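Commentary on secondary and tertiary structure
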Amino acid sequence: QVHLVESGGGLVQAGGSLRLSCVASGSTSSSYMMGWFRQAPGKEREVVAVVNRSGGRTYHADSVKGRFTISRDDAKNTVNLLMNLLKSEDTAVYCCAAEQAPDERLFWSASLFEHWGQGTQVTVSS
């Protein structure tokens with residue numbers, strides 16, 4: 001049982017920055033792969049970024065590569081998403097997700113993640 005709570009969403013102007021945080025509680029450990037996903041109105045949920053259980057490997061979707069950075073702090077049971085150079089198309093509900101991993105593998109299919117937060121709204125004005 002893992003409970004995830006996102007924070008940091010809000011309204012920003014295009015070109016600006018925003019940092020999202022996801023705090024995990026319950027049965028948490030470095031054995032969990034963590035990810036950020038987003039869903040815009042009328043669009044399907046898509047992966048944003050994923051970090052492996054040790055924090056040494058990451059995956060970033062092409063649409064955010066070079067602008068967003070995922071990181072984790074296991075001492076604080078937190079995974080972060082630093083978003084720079086935000087665009088209007090980044091507007092979406094951003095959700096944090098966790099999945100137990102037997103090793104350092106990475107995968108980013110939303111259907112493979114078991115635990116989900118409620119999401120935080122990010123709105124980028126143009």
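The structure we're discussing is the one just above.
In short, a report on the structure. (Residues numbered from 1 in each chain as written. Predicted model: local features only at pLDDT ≥ 70, side-chain atom pairs only at ≥ 80, totals over all residues. Heavy atoms only, no water.)

Looking at the sheet that holds strand 1 (residues 2–7)
The test is simple: Here, strands pair whenever DSSP counts at least two bridges between them. A run of H or I in DSSP becomes a helix once it reaches four residues, and a run of E becomes a strand once it reaches two; helices and strands are each numbered from the N terminus. To get an axis, fit a line to the C-alpha atoms, keeping to the stretch in contact for a helix; angles then go from 0 to 180 degrees between the N-to-C directions.
Strand order across the open sheet formed by 4 strands is 1-3-8-7, with antiparallel pairing between neighbours. Each of the sheet's edge strands pairs with one partner strand only, and the pair in question is strand 1 and strand 7 (68–73). In this sheet, adjacent strand axes meet at a mean angle of 15 degrees when their direction is disregarded. With 6 bridges connecting them, strand 1 and strand 3 (residues 18–26) associate as antiparallel partners.

As for the pairing of strand 9 (residues 92–100)
The two faces of the sheet receive side chains in turn, since in a regular strand these alternate between them. Definition in use: Whether a residue is buried, partly exposed or exposed follows from its accessible area with a 1.4 Å probe, protein chains only, as a fraction of its type maximum: under 20%, in between, or over 50%, in that order.
With respect to burial, strand 9 is a largely interior element, 7 of its 9 residues being buried. Of the pairings in the sheet, the one linking strand 4 (residues 32–39) to strand 9 comprises 8 bridges and is antiparallel in character. Its bridge partner lying in strand 9, F37 is registered against C95. Here strand 9 runs beside strand 11 (residues 120–125); their pairing, made up of 3 bridges, is antiparallel. Its bridge partner being in strand 11, Y94 is matched across the sheet by T120. As judged from the 2 bridges shared by strand 9 and strand 10 (residues 115–116), these two strands associate in the antiparallel manner. Across the sheet, residue A98 finds its bridge partner in strand 10, namely H115.

Some points on the pattern of salt bridges
We apply this condition: By salt bridge we mean one thing: a side-chain nitrogen of Lys or Arg within 4 Å of a carboxyl oxygen of Asp or Glu.
Overall, the coordinates contain 6 salt bridges when judged by the stated rule. Put simply, R105 and D103 hold a salt bridge, and the shortest N to O gap is 2.7 Å. Judged by relative accessible area, R105 falls into the partly exposed class, the value being 41%. A relative accessible area of 29% means that D103 is categorised as partly exposed. Each of R38, E46, R67 and D90 takes part in one network of salt bridges that share partners.

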